[in-house]
Amino acid sequence: MFKSRAIRYTRTSLIGFVLALIIPCNAGAVNPTREELDQAQAWEKANFKSSGPRQQTPPFSFVYDGKSSAELLKGWKFAAGPRSHQGSRNQQTFTYRDPVTGLELTCDSTYYDDFPAVEWMLSFHNTGTKSTPILEDVRALEAKFEGAEGPFLLHRALGSDAKPSDFSPVEETLP
């Protein structure tokens, strides 16, 4: 129960963060514009490619056995599942597998036809027969804002400390 709730809140926080990044105008708008919807879809396609050369690293990162994911993923086996469309949700699963240790990374990506948001969830699974090397510094979002003018306003939710303010919305200025 707690794991399911934690994943749901992580997704909610991630959606808010992505919205703050890809929508330079009012993220609280009730009716998104066609331009906002197109921007979110273009961002999703650029960052989660299912075919052709994957020259862009995915928007997440981690360190595995002391090496960065940007370096490692180039040599891992990659598979993209079929796209599914349910209502306004477009989903696709991407799998990366280390051919040496069997560590498998699954990324479930979702974008929406009617809302300018992209969300994804990462999960790691050891498919090998031995313990894997150390996996550390997992970042669901690894982003650089080159050429953009800051400061940026991050919209997110608090975590839980078993207080009445749990999961309250927060605005945080990023330099």
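Residues numbered from 1 in each chain as written. Predicted model: local features only at pLDDT ≥ 70, side-chain atom pairs only at ≥ 80, totals over all residues. Heavy atoms only, no water.

(A) Spotlight on the overall build of the protein. In terms of regular secondary structure, the protein is built from three helices and ten strands. When the helices and strands of the protein are read in sequence order from the N terminus, they spell out α-α-β-β-α-β-β-β-β-β-β-β-β. Expressed as a percentage of the 175 residues in the protein, the buried residues total 27%. Within the protein, counting contacts between residues at least 6 apart in sequence, those at least 24 apart form 42% of the total. When the accessible surface of the protein is totalled, it reaches about 11,000 Å², and 52% of it is carbon and sulfur. (Helix = DSSP H or I, 4+ residues; strand = E, 2+ residues; numbered from the N terminus. Buried < 20%, exposed > 50% of the residue type's maximum accessible area, 1.4 Å probe, protein only. Contact = heavy atoms within 4.5 Å. Areas by Shrake-Rupley, 256 points an atom, 1.4 Å probe, with all protein chains shown as cover.)

(B) Unusual backbone geometry, seen in detail. Within the chain, Asp-137 stands out as a residue other than glycine whose phi angle is a positive 55°. Within the fold, Asp-137 resides in strand β8 (residues 135–139).

(C) Local environment of the nonpolar core. Phe-48, Phe-60, Phe-62, Trp-76, Tyr-96, Cys-107 and Trp-120 are the most contacted members of the largest nonpolar core, which has 18 residues in total. Elements represented by at least two residues in this core include exactly β1 (61–64), β5 (89–97), β6 (103–112) and β7 (118–126). In terms of residue count, the dominant contributor to this core is β6 (four residues). Once residues within four sequence positions are removed from consideration, Trp-76 is found in contact with Phe-62, Tyr-64, Tyr-96, Arg-97, Asp-98, Pro-99 and Leu-103. (Core = buried A, V, L, I, M, F, W, Y, C linked by side-chain atoms within 4.5 Å.)

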